Amino acid sequence: MKIGIAADHGGFELKKNIQEFLEKQGLEVKDFGAYVMDKNDDYPDFIIPLAKAIVANEVDRGIAICGSGVGASIAANKVLGVRAALINDHFSAHQGVEDDNMNLICLGGRVLGFAVAQEYITAFLQVEFTGAERHLRRLQKVKELEIK
Ligand code: RB5
């Protein structure tokens, strides 16, 4: 599994920690920046390229981090084909994939400690979409809202 990761200044330190955490497990990580800490940078400049890479199948799943995770999730969900959510609990980290086929997890670098974020990411990466008919039906209703 190839994982894309992106963060603004609010998520910069957590991104570094998560990248190391994933690489230690032998996972392939593509970093979409920020590459330097710049307190004036803007989260869409990093989150949108990551979101587009998910849709283009350049990466299998994404991790987007800003200060709260809110801006990252708003921005990412503008990209058709992305199913992003701000996660602040373990249950949603896996159920979001199992039921809702979440392909991008959004986290708050100013909200979560490193260990908690690592647990959410582990839960996110360990599961697959069930493909159950009821979930497909619900996702189809969401997809119909996507204006090309
Ligand atoms: C940037 O200071 C902060 O607003 C941003 O990282 C994020 O929290 C937005 O949702």
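Our subject is the structure listed above.
Here the structure is a predicted model, which is why all the values come from computation and not from measurement. (Residues numbered from 1 in each chain as written. Predicted model: local features only at pLDDT ≥ 70, side-chain atom pairs only at ≥ 80, totals over all residues. Heavy atoms only, no water.)

1. Focus: the pattern of salt bridges
Next, step 1: Inspection of every chain in the model, using the stated rule, returns seven salt bridges.
Next, step 2: Close ionic contact of Lys24 with Glu20 constitutes a salt bridge, the shortest N to O distance being 3.9 Å. Here Glu20 and Lys24 lie together in helix H1 (residues 12–24), a separation of four residues that amounts to about one turn.
Next, step 3: Residue Lys24 is classed as exposed on the basis of its relative accessible area of 70%. (Salt bridge = Lys/Arg side-chain N within 4 Å of Asp/Glu carboxyl O. Helix = DSSP H or I, 4+ residues; strand = E, 2+ residues; numbered from the N terminus. Buried < 20%, exposed > 50% of the residue type's maximum accessible area, 1.4 Å probe, protein only.)

2. Section: the sheet that holds strand S4 (residues 84–86)
By definition, the strands of a sheet pair up through backbone hydrogen bonds, in either a parallel or an antiparallel sense.
Next, step 1: The strand order across the open sheet formed by five strands is S2-S1-S3-S5-S4, and the pairing between neighbours is parallel. Looking at strand neighbours, the two that pair on one side only are strand S2 (28–31) and S4, the edges of this open sheet. Sheet twist, expressed as the average angle between the axes of neighbouring strands with direction ignored, equals 25 degrees.
Next, step 2: Here strand S1 (residues 2–7) runs beside strand S3 (residues 61–66); their pairing, made up of five bridges, is parallel. If you follow Ala6 over to S3, its bridge partner there is Ala64. (Pairing = 2+ DSSP bridges. Axes fitted to C-alpha atoms, helices over the stretch in contact; angles between N-to-C directions.)

3. Structural notes on the environment of Gly33
Next, step 1: Among the structural elements, Gly33 can be located in the loop between S2 and helix H2 (44–55).
Next, step 2: When the C-alpha positions of Gly33 and Ser68 are compared, they lie 17 Å apart, and in sequence the two are 35 residues distant.
Next, step 3: Look past the residues within four positions of Gly33 in its chain and what remains in contact with it is Ile5, Ala6, Ala7, Lys15 and Phe46. (Contact = heavy atoms within 4.5 Å.)

4. Some details on the packing of helix H4 (residues 90–98) against helix H5 (residues 114–125)
Next, step 1: Remark: H4 packs on H5, axes separated minimally by 7 Å, with the N-to-C direction vectors making an angle of 20 degrees. In terms of axis orientation, H4 runs roughly parallel to H5. Like other packed secondary-structure pairs, H4 and H5 cross with a definite hand, here right-handed. Residue-level inspection shows His90, Ala93, His94 and Val97 of H4 in contact with H5, the latter providing Glu119, Tyr120, Ala123 and Phe124.
Next, step 2: Tallied by class, residues from the contact of H4 with H5 come to five nonpolar, two polar and one charged. (Parallel < 35°, antiparallel > 145°, perpendicular 65-115°, else oblique. Left-handed = near helix turned anticlockwise from the far one by under 90°. Nonpolar A, V, L, I, M, F, W, Y, C, P; charged D, E, K, R; others polar.)

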